[in-house]
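Okay, here's what each chain looks like letter by letter:
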Amino acid sequence: MYDIAAIRQDFPILGREVYKKPLVYLDNGATTQKPRQVVDAMVDEYYNVNANVHRGVHFLSQQATDLHEQSRERVRQFINAQSTSEIVFTRGTTESINLLAFCFGEAFVHEGDEIVVTEMEHHSNIVPWQMMCERKGAKLKVIPITDDGRLCMDAYRQMLNEKTRLVCCTHVSNVLGTINPVKEIVKIAHSNGSLVLIDGAQSTPHFAIDVQDVDCDFFAFSGHKIYAPTGIGVLYGKEQLMEKLPPYQGGGEMIQKVTFEKTTYNDLPYKFEAGTPDYVASHALAAALDYVSKLGMDNIFKHEQELTTYAIAKLQEIEGMRIFGPVEGRDAVISFLVGNIHHLDMGTLLDRLGIAVRTGHHCAEPLMNRLGITGTVRASFGLYNTKDEVDVLVAGVKRVAQMF
Ligand code: C6P
């Protein structure tokens with residue numbers, strides 16, 4: 001059973017006050033709070049195990065290496081990859097996509113080739129591709145969205161041609177909450193001979209991921225959005241494709257043999273992991289995945305869906321309320337504006353009531369341009385949020401609206 005009171009006890013920060021008001025943390029799309037189990041895993045490793053991995057003959061180094069590699073296996077299970085060779089540790093989604101953009105560009109993209117992104121992407125899934133296209137003389141194409149924030153699938157189908165190398169699409173929009181039909185997107189791309197990257201930054205924390213079922217070629221996510229620490233993320237890639245990519249950064253760990261004449265590179269996944277990895281964060285990521293798995297991703301999804309449906313219904317009662325994104329098939333992210341109230345004013349005043357939301361363009365400026373706005377107020381839920389907190393949000397928004 002989903003015991004929300006017991007769950008909240010695992011997150012000490014949820015008990016604190018801001019401006020003498022109980023904290024209502026609704027900025028989980030930006031980053032999530034960390035349960036004791038995750039922080040304890042980090043403290044335990046620093047206090048009892050800490051040593052550099054893959055390098056030492058000594059006991060601690062071997063133990064730290066075992067923890068780090070067990071974490072890789074934990075990630076493999078969590079997203080149902082076929083092999084740990086397909087799991088590359090990075091600093092987060094942004095680094096995962098930059099890695100892929102560089103290496104994929106070097107291996108597969110030539111002048112005149114095309115890369116497809118969508119109008120609802122986060123800057124992290126636009127800018128690295130723009131940079132690569134500039135370097136390679138390739139072209140960036142954009143799948144438009146409908147007025148209610150879904151991908152125009154017909155436009156997508158028509159956009160593909162023999163020059164399309166890769167389709168880069170977010171699983172869930174960090175602004176609209178749209179859950180994109182990634183299986184269908186992959187099927188269409190594959191039937192055209194194109195590959196697909198799914199940005200899983202906003203999906204991985206909310207529902208079960210199965211990369212083999214989706215059949216995507218690459219998948220990226222961040223630890224800090226799924227209750228793990230900052231500074232750790234994952235790039236998944238199908239083994240036979242990852243084998244064909246050149247390394248990203250050079251240094252220790254990624255080599256097999258170095259001479260001044262020639263260097264040979266390590267096997268997967270180490271070829272892409274130059275330098276000392278954040279092995280404490282990888283261990284804590286595994287603890288976070290254990291934590292959410294114990295609650296059950298399906299239970300988390302159900303709980304957050306209930307909160308989202310409830311919040312949308314309540315918010316819609318407020319005069320002048322505009323909620324962005326689709327009615328159906330959406331995740332636990334609600335972006336809104338009320339009348340002519342500026343998003344920053346709304347966010348600042350909500351903050352004084354103890355309610356943490358995000359405001360602004362949410363690193364999705366092209367999407368803001370499409371919507372014809374400069375930004376939104378965004379409430380995003382996590383596994384520990386409650387209906388009472390939604391009520392506090394709704395009351396807060398009403399109160400702010402009355403001030404204008
Ligand atoms: N979105 C938000 O408040 P990093 O920063 O590398 O962990 O994640 C980048 C990223 C990539 N894709 C999507 C869909 C995202 O939402 C994010 C991060 C946060 O919406 C911070 S800007």
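Residues numbered from 1 in each chain as written. Predicted model: local features only at pLDDT ≥ 70, side-chain atom pairs only at ≥ 80, totals over all residues. Heavy atoms only, no water.

**Brief notes about the domain arrangement of the protein chain**
Piece 1. Annotation of the protein chain at the domain level lists domain 1 (4–28 + 296–402) and domain 2 (39–293).
Piece 2. Opposite the 33 residues of domain 1 that make contact, domain 2 presents 31 residues.
Piece 3. Counting each side, the surface lost to burial between domain 1 and domain 2 is near 2,600 Å², with a carbon and sulfur contribution of 59%.
Piece 4. One can count 2 salt bridges joining domain 1 with domain 2.
Piece 5. Across the pair E119 and R370 runs a salt bridge whose closest N-O atoms are separated by 3.7 Å.
Piece 6. Those elements that place two or more of their residues in the side of domain 1 that touches domain 2 are α11 (297–316), β14 (333–338) and α13 (365–371).
Piece 7. No other element matches α13, which puts 6 residues into the side of domain 1 that touches domain 2.
Piece 8. Residue classes in the side of domain 1 that touches domain 2 are distributed as 18 nonpolar, 7 polar and 8 charged. (Domains from an automatic or database assignment. Contact = heavy atoms within 4.5 Å. Buried area = accessible area lost by both parts, 1.4 Å probe. Salt bridge = Lys/Arg side-chain N within 4 Å of Asp/Glu carboxyl O. Helix = DSSP H or I, 4+ residues; strand = E, 2+ residues; numbered from the N terminus. Nonpolar A, V, L, I, M, F, W, Y, C, P; charged D, E, K, R; others polar.)

**Some points on helix α14 (residues 387–403)**
Piece 1. A rise of 1.5 Å per residue sets the reference length of α14, with its 17 residues, at 24 Å; its end C-alpha atoms lie 25 Å apart and thus fit the reference within 8%.
Piece 2. For α14, the full list of buried residues reads E389, V390, L393, V394, G396, V397 and V400. One side of α14 holds all its buried residues, which, seen down the axis, span an arc of 160°. More than 90 degrees from the buried face of α14, the exposed residues found are D388 and Q402. (Expected span 1.5 Å × (residues − 1). Buried < 20%, exposed > 50% of the residue type's maximum accessible area, 1.4 Å probe, protein only. Arc of directions from axis to C-beta.)

**Some details on the pattern of salt bridges**
Piece 1. The final tally for this structure, using the stated rule, is 22 salt bridges.
Piece 2. One salt bridge in this structure joins E73 and R76, with 2.9 Å as the shortest N-O distance. With E73 and R76 both in helix α3 (residues 59–79) and 3 residues apart, this pair spans about one turn of that helix.
Piece 3. According to the relative accessible area criterion, E73 is partly exposed, its value standing at 27%.
Piece 4. Residues E95 and R91 are paired through a salt bridge, measuring 3.3 Å at the closest nitrogen-oxygen approach.
Piece 5. By relative accessible area, which is 19% here, E95 ends up buried.
Piece 6. Given a relative accessible area of 59%, R91 falls into the exposed group.
Piece 7. Each of E69, R72 and E273 takes part in one network of salt bridges that share partners.

**Overview of a nonpolar patch on the surface**
Piece 1. A cluster of nonpolar residues, V39, V43, Y46 and Y47, forms a patch on the protein surface that exposes about 440 Å² of accessible area.
Piece 2. Tracing the backbone shows V43 in helix α2 (residues 36–48). (Patch = residues over 30% accessible without salt bridge, like charges linked within 9 Å, V, L, I, M, F, W, Y side chains within 5 Å. Areas by Shrake-Rupley, 256 points an atom, 1.4 Å probe, with all protein chains shown as cover.)

**A closer look at the side chain of R378**
Piece 1. Within the element layout of this structure, R378 appears in strand β17 (residues 376–380).
Piece 2. Polar contacts involving the side chain of R378 include one to the main-chain carbonyl oxygen of N174, which spans 2.9 Å.
Piece 3. Residues contacting R378, with those up to four places away along its chain left out, are L26, D27, G29, A30, N174, V333, I334, S335, V357, R358 and H362. (Polar contact = N/O pair within 3.5 Å; in protein donor to acceptor, adjacent residues only side chain to side chain.)

**Here's the deal with the nonpolar core**
Piece 1. Residues I79, Y156, L285, V292 and L383 are the most contacted members of the largest nonpolar core, which totals 69 residues.
Piece 2. A total of 9 residues in this core trace back to one element, the largest contributor, which is helix α10 (residues 279–295).
Piece 3. Looking at this core, you find at least three residues from each of domain 1 (4–28 + 296–402) and domain 2 (39–293).
Piece 4. In this structure, V292 is in contact with F78, I226, Y227, M297, I300 and L383, ignoring residues within four places of it in sequence. (Core = buried A, V, L, I, M, F, W, Y, C linked by side-chain atoms within 4.5 Å.)

**Remarks on the sheet that holds β14**
Piece 1. Ordered in space as β13-β14-β17-β16, the 4 strands form an open sheet in which the pairing is antiparallel. Two strands bound the open sheet, and with one partner strand each, they are β13 (321–324) and β16 (358–360). Ignoring which end each strand starts from, the neighbouring axes of this sheet average 30° apart.
Piece 2. Sheet topology note: the β13/β14 ladder contains 4 bridges and is antiparallel. By the bridge assignment for β14, I323 is matched with F336. (Pairing = 2+ DSSP bridges. Axes fitted to C-alpha atoms, helices over the stretch in contact; angles between N-to-C directions.)

**Digging into the pairing of strand β6 (residues 139–143)**
Piece 1. Sheet analysis places strand β5 (residues 114–118) next to β6, joined by 5 bridges and oriented parallel. Of the residues in β6, the one forming a bridge with V116 is K141.
Piece 2. Crossover connection from β5 via helix α5 (residues 127–136) to parallel β6: handedness right-handed. (Right-handed = clockwise from strand over helix to strand, strands pointing away.)

**Focus on α3**
Piece 1. A rise of 1.5 Å per residue sets the reference length of α3, with its 21 residues, at 30 Å; its end C-alpha atoms lie 31 Å apart and thus fit the reference within 8%.
Piece 2. For α3, the complete set of buried residues consists of S61, A64, T65, L67, H68, S71, R72, R74, V75, R76, F78 and I79.
Piece 3. Phi turns positive one or two residues past the end of α3, at N80, with a value near 55°.

**Considering the state of the cysteines**
Covalently bonding the sulfur atom of one cysteine to the sulfur atom of another cysteine gives a disulfide.
Piece 1. Counted by the stated rule, this structure contains 0 disulfides.
Piece 2. Counting only cysteine sulfurs, C168 is the nearest neighbor of C103, a cysteine outside any disulfide, at a range of 14 Å.
Piece 3. Left without a disulfide partner, C133 is nearest to the cysteine sulfur of C168, which lies 8.7 Å away. (Disulfide = S-S within 2.5 Å.)

**Some points on unusual backbone geometry**
Piece 1. Omega for the bond connecting L268 with P269 falls within 30 degrees of zero, at -5°, which places this linkage in the cis form.
Piece 2. Structurally, P269 can be placed in the loop between β12 (263–265) and α10.
Piece 3. One non-glycine residue, D215, lies in the positive phi region at around 70°.
Piece 4. When you line up the elements, D215 lands in the loop between α8 (211–214) and β9 (218–222).
Piece 5. Here the phi dihedral of E253 falls at roughly 75°; this positive angle occurs in a residue that is not glycine.
Piece 6. In this fold, E253 is placed in the loop between α9 (239–242) and β11 (255–258).

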